[in-house]
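These are the residues of each chain, in order.
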Amino acid sequence: MKENELVEILRGCAARKLPELDGLLGILRTTEGAAPYVFHHCEELAGLVLSPRYPLGGIVRVLQARYPKARLGVVVRACDLRGLVELAKRGQVAPDRLYLLAVACTPEEAQHCRCQRPVPNPTGWPQVEVLGSPAAAAEAHPLLVQNERLGLAERWAFWRQEFAKCIKCYGCRNICPECFCQACALEDPLWVERGILAPPFPTFHLVRAMHMASRCVGCRQCELSCPAHIPLTVLYELLRRDVAEMFGYQAGEDLSAQPPLSLSLTEETTPLPNP
Amino acid sequence: MGEPFEPRIVAFLCNWCSYTGADNAGIARMKSPPEVLPIRVMCSGRVSPEMILRCFRAGADGVLVLGCHIGDCHYISGNHRTAKRIPLVQRLLSYVGINPERLRLDWVSSAEAPKFVQITNEFVQTIRSLGPIRQELGLPRMGGGR
């Protein structure tokens, strides 16, 4: 399905649903550009668009904290939906007050993001409508295979050079839909050297990678927004595979499955819906 | 170069089992390796990835995490988290090219003083064979405590 057809269908659904909601969060295009916007009136929906993409999870979190009773609609992609699922598990958003219009990405978009799961999978989400036709998963990042083949010394040589490009803009953290801690370990001088560019030991990236284990939903926003083009999601994807292998857990797939790293060995991570 | 390699190893010991085990090894006058710097934590579950990474950043050649056996945790399931977390940290280290053998997790109860001595000796041997982390990763020399 073409993107403009999809936008028309989306606007139709939004217009039908908007009267029941207190607002619909989406992207508004104006003459000045595009930005996240809460739509209140059906007339405004002519400006509702699907691109550029922007992760709305963090905005949902802030809106829900500020308006605890509001019934909010959100236009989401598959990765946004996964992100909201993980936020809900950690008590950051309330699913029962969120109506999701989940749009399946087009094949071109899936290719652009190298998305492995471009089709919204609303397992367990109370109110969700899925629009668009499913696209095939894109090919995995070539670096994933390459990293497996390299020896330890070669891996270090590669990653050291990648991490040396980091300018510590914190863009990867700021754009991440899963980063919500008020006190961020990456800003704590105890764990991460501040004011040193390209520190000899890459604590910043390793700490962030550990925090992403069992949490990263693979939206690749961090990598796409990185001004230094560091292939961050390769590390996160490797850890995601490990978490799936060790604990049978897929971040963002099932609202009822609990994050395994915060459970004991005897508590169950509920089994995967699609193993 | 030319100096003999004296490994620096940080051992996080849980207050209730492994630290007591290490203490008992001392009381029984068993010889445990001087390369190991013990840090007492209330639970092995307290040992966050940040702490481990900071040890490596500060120049530790190896990090040892010792806790109560599964089922014996003073906090019921604190060490369950450790058992899940440390293997992931090891995998992450290996993905960026740091030898995962530089991080070891094991269980030592308060009655297992000989096991404490055996594990620390083994680990010192492992780290000796791996060589200095600074050399392996090409890190600059710096003073202790960073």
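Residues numbered from 1 in each chain as written. Chains lettered and ligands numbered in written order. Predicted model: local features only at pLDDT ≥ 70, side-chain atom pairs only at ≥ 80, totals over all residues. Heavy atoms only, no water.

**Comments concerning the packing of helix H1 (residues 18-27) of chain B against helix H4 (residues 113-130) of chain B**
Residues and elements named next belong to chain B. For clarity, the cut-off: An axis is simply a line fitted to the C-alpha atoms; with a helix, the fit covers only the stretch in contact. Between two such axes, the angle follows the N-to-C directions and lies from 0 to 180 degrees. Segments assigned H or I by DSSP are reported as helices when at least four residues long, segments assigned E as strands when at least two residues long, and all are numbered from the N terminus. Should an angle lie under 35 degrees it is considered roughly parallel, over 145 roughly antiparallel, and from 65 to 115 roughly perpendicular; all remaining angles are considered oblique. Contacts between residues were defined by any pair of non-hydrogen atoms, one from each residue, lying within 4.5 Å.
Contact geometry of H1 with H4 gives a least axis separation of 8 Å together with a crossing angle of 95°. Relative to H4, the element H1 is oriented roughly perpendicular. Where H1 approaches H4, its residues Gly21, Ala22, Asn24 and Ala25 are matched on the opposing element by Ala113, Phe116 and Val117.

**Examining the pairing of strand S6 (residues 128-131) of chain A**
All names here are of chain A. As a reminder of what qualifies: Three exposure classes are used, based on accessible area relative to the maximum for each residue type with a 1.4 Å probe and protein chains only: buried under 20%, partly exposed in between, and exposed over 50%. Two strands are counted as paired when DSSP detects at least two bridges linking them.
Side chains Glu129 and Leu131 project from S6 onto a buried face, and the interleaved Val128 and Val130 project onto a face without burial. Where strand S5 (residues 98-103) meets S6, four bridges bridge the pair, whose relative direction is parallel. Each bridged residue has a counterpart across the sheet, and for leucine 101 the counterpart in S6 is glutamate 129.

**Some thoughts on the environment of A:Val234**
All names here are of chain A. Assignment of secondary structure puts valine 234 in helix H10 (residues 232-247). A sequence separation of 202 residues divides valine 234 from glutamate 32, and the C-alpha atoms of the two residues are 35 Å apart. Ignoring sequence-local partners within four residues, the contact set of valine 234 consists of His141, Leu143, Leu144, Trp159 and Glu223.

**Focus: the side chain of A:Lys168**
Residue and element names in this part refer to chain A. Inclusion rule: All tallies of charge rest on Lys and Arg as positive and Asp and Glu as negative; His and the ends of each chain are not included. Any carboxyl oxygen of Asp or Glu that lies within 4 Å of a side-chain nitrogen of Lys or Arg is treated as forming a salt bridge with it. Any pair of N or O atoms that falls within 3.5 Å is considered a polar contact. Within protein, one atom must be able to donate a hydrogen and the other to accept it, and sequence-neighbouring residues count only if both atoms are side-chain atoms.
For lysine 168, the position within the fold is in the loop between helix H6 (152-164) and helix H7 (171-175). Lacking a salt bridge, the buried lysine 168 has glutamate 193 as its closest oppositely charged neighbour, with an N-O distance of 5.2 Å. From its side chain, lysine 168 meets the backbone oxygen of glutamate 193 in a polar contact 2.8 Å long. A polar contact is formed between the side chain of lysine 168 and the backbone oxygen of isoleucine 196, at a distance of 3.4 Å. Residue contacts for lysine 168: discarding those within four places in its chain leaves Val192, Glu193, Ile196, Leu197 and Phe204.

**Things to note about the interface of chain A and chain B**
In this complex, chain A contributes 40 residues to the contact, which on the side of chain B involves 32 residues. At the boundary of chain A and chain B, one finds three salt bridges. A salt bridge links B:Arg91 to A:Asp242; the nearest nitrogen and oxygen atoms lie 2.6 Å apart. If you look at where chain A meets chain B, you find 18 residue pairs in polar contact (both at pLDDT 80 or more). Taken together, the elements giving at least two residues each to the side of chain A that touches chain B come down to helix H5 (142-149), H6, helix H8 (203-212) and H10 of chain A. Broken down by element, the residue count for the side of chain A that touches chain B peaks at eight residues, all from H10(A).

**Focus: the sheet that holds strand S2 (residues 36-41) of chain B**
Residue and element names in this part refer to chain B. An order of S2-S1-S3-S4 is seen for the four strands of this open sheet, with the pairing classed as parallel. The sheet terminates laterally at S2 and strand S4 (103-107), the two strands that pair on one side only. Adjacent strand axes in the sheet meet at a mean angle of 20° when their direction is disregarded. Here strand S1 (residues 9-14) pairs with S2 via six bridges, running parallel. Bridge pairing in S2 links phenylalanine 12 to isoleucine 39. Of the strands in this sheet, S1, S2 and strand S3 (62-67) touch H1, which is tilted by about 110° from S1. This element, helix H2 (residues 49-57), spans S1, S2, S3 and S4 of the sheet and lies at about 150° to S3.

**What about the confidence of the model for chain B?**
Where we set the bar: Values of pLDDT, which run from 0 to 100, indicate the predictor's confidence residue by residue.
Summing up the model confidence of chain B, the mean pLDDT is 94 and the portion of residues at 70 or higher is 95%. With a pTM of 0.92, the predicted complex shows an ipTM of 0.93.

**Examining the packing of aromatic side chains**
As a reminder, the rule being used: The rule is short: rings of Phe, Tyr and Trp, with Trp giving its six-membered ring, pair when the centres are within 6.5 Å, and they are stacked under 30 degrees, edge-to-face over 60, tilted in between. In this scheme, Lys NZ or Arg CZ marks a charge over a ring once it lies within 6 Å of the ring centre and within 35 degrees of the ring normal.
Counting across every chain of the model gives six aromatic pairs over all chains. Judged by centre distance (6.4 Å) and plane angle (75°), the ring pair of B:Trp16 and B:Tyr75 falls under edge-to-face. A residue pair is termed long-range when its members are at least 10 positions apart, and B:Trp16 in the loop between S1 and H1 and B:Tyr75 in the loop between S3 and helix H3 (78-95) qualify at 59 residues. With relative accessibility at 34%, the residue B:Trp16 sits in the partly exposed group. The class of B:Tyr75 is partly exposed, set by a relative accessible area of 37%. Taking NZ or CZ as reference, A:Lys17 lies 4.3 Å from the ring centre of A:Tyr99, over its face. Stacked on the ring of B:Tyr19, the Lys or Arg B:Arg40 has its end atom at 4.3 Å from the ring centre.

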